[in-house]
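Here's the letter readout for the chains.
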Amino acid sequence: MLRHSASRNGQEPTNMQRRVFMGGALAALLSPSGRVLAEENHRGPENPFIVLLKGLYQPVSFADAPPNNLGLSMVNLSDGSYSRTRIYPVFGIRESKDEDRPIGNFYVQFAGNLCAYDLPGGALAMRFNSPPAGVPPGFNGFVPFPDGKGGNFLEGTFELVILEATGIYKAFQVGHNHMVDRLHQLVNGNFDEFCFCNISQYDFP
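Residues numbered from 1 in each chain as written. Predicted model: local features only at pLDDT ≥ 70, side-chain atom pairs only at ≥ 80, totals over all residues. Heavy atoms only, no water.

Caption draft 1: Quick look at the side chain of Asp147. Within the element layout of this structure, Asp147 appears in the loop between strand S6 (143-146) and strand S7 (152-165). One buried charged residue, Asp147, forms no salt bridge at all, with the nearest opposite charge on Lys149 at 6.7 Å. Side-chain polar atoms of Asp147 contact the side chain of His184, separated by 2.7 Å. (Helix = DSSP H or I, 4+ residues; strand = E, 2+ residues; numbered from the N terminus. Buried < 20%, exposed > 50% of the residue type's maximum accessible area, 1.4 Å probe, protein only. Lys, Arg positive; Asp, Glu negative; His and termini not counted. Salt bridge = Lys/Arg side-chain N within 4 Å of Asp/Glu carboxyl O. Polar contact = N/O pair within 3.5 Å; in protein donor to acceptor, adjacent residues only side chain to side chain.)

Caption draft 2: Representation of the pairing of strand S3 (residues 104-109). With six of six residues buried, S3 lies mostly within the body of the structure. Going residue by residue along S3, you find Gly104, Phe106 and Val108 tucked away on one face and Asn105, Tyr107 and Gln109 tucked away on the opposite face as well. Relative to S3, strand S2 (residues 82-91) runs antiparallel, the two sharing six bridges. Looking at the pairing, Ile87 lines up with Gly104 of S3. Once S3 ends, the chain turns through four residues before running back antiparallel as strand S4 (residues 114-119). (Pairing = 2+ DSSP bridges.)

Caption draft 3: Spotlight on the packing of aromatic side chains. With the rule as written, the count across this model stands at eight aromatic pairs. Arranged with centres 5.0 Å apart and planes meeting at 75°, the rings of Tyr57 and Phe110 form a pair that is edge-to-face. You can see Tyr57 sitting in strand S1 (residues 49-59) and its partner Phe110 sitting in the loop between S3 and S4, a full 53 residues away along the chain. Residue classification places Phe110 among the partly exposed residues on the basis of a relative accessible area of 43%. When the centroid spacing of 4.9 Å and the interplanar angle of 65° are considered together, the rings of Phe142 and Phe158 count as edge-to-face. Linking Phe142 in the loop between strand S5 (122-128) and S6 with Phe158 in strand S7, this pair joins segments that are 16 residues apart in sequence. Ring pairs connect the aromatic residues Phe49, Tyr169 and Phe172, which therefore count as one cluster. Cation over ring: Lys54 sits above Tyr88, and NZ or CZ is 4.6 Å from the ring centre. The cationic tip of Arg182 hangs over the ring face of Phe153; the distance from NZ or CZ to the ring centre is 3.9 Å. (Phe/Tyr/Trp six-rings, centres within 6.5 Å; stacked < 30°, edge-to-face > 60°. Lys NZ or Arg CZ within 6 Å of the ring centre and 35° of its normal.)

Caption draft 4: A look at the confidence of the model for the chain. Model confidence for the chain is summarised by a mean pLDDT of 85, while 79% of its residues fall at 70 or above. In this model, residues 25-29 is a region of pLDDT below 50 whose contacts with residues beyond four sequence positions or in other chains number three contacts. Across residues 31-41, confidence stays below pLDDT 50; counting only partners more than four residues off in sequence or on other chains, it has six contacts. (pLDDT = per-residue confidence, 0-100. Contact = heavy atoms within 4.5 Å.)

Caption draft 5: Structural view of the pattern of salt bridges. This model, assessed by the stated rule, comprises three salt bridges. Glu46 is the salt-bridge partner of Arg94, the closest N and O atoms lying 3.7 Å from each other. Here Arg94 is found in the loop between S2 and S3, whereas its partner Glu46 is found in the loop between helix H3 (32-40) and S1, with 48 residues between them in sequence. Residue classification places Glu46 among the partly exposed residues on the basis of a relative accessible area of 34%. Salt-bridge contacts for Arg182 lead to Glu155; the nearest nitrogen and oxygen are separated by 2.7 Å.

Caption draft 6: How the structure looks around the pairing of S1. Relative to strand S9 (residues 191-200), S1 runs antiparallel, the two being bridged by eight bridges. Bridged to Gly55 within S9 is Glu193. When S1 meets S2, the two strands line up antiparallel, connected through seven bridges. Looking at S2, one finds that Gln58 is bridged to Arg84.

And the structure:
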């Protein structure tokens, strides 16, 4: 009698529909295709992947430094020697389809040779390689071109070694970063960045 009454007021069919839906969702998650989808969300980026550094640099004070130093030990982002600009996705960063939306921060020493990338799912610490003897201007160094407004465009390519990688980027440790940079030194002394970074797991020969 109670079961009959529950059926008439609609509760039993509703509960049955909920159980069927939940069971189907669980089966989909546990199926091979469901496991692949879940694993896809935790996979690292493509090898290589490309990001764009873009925007005005701002000095990073102790108070502005990222918490826990991004989990990195090869750099000290709170020592006052770093400046910061934004990172935008170009190729190979999963879950980042909007190239006009920043996905992280780039930290660099203008008076040193270290830098760090704060990216979704992890971080990277890198060191700029020294230019080999006899290389032409613009290789691991800047060539200045006047911008016509009292400033300069500083153009060059740079090779970096990946010292440390955390999170989904662990496979990139001891890998390589090839930068193609056009840094704008403004007349007021500020720097406006525009730099493509091709980051790969293989070491530079």
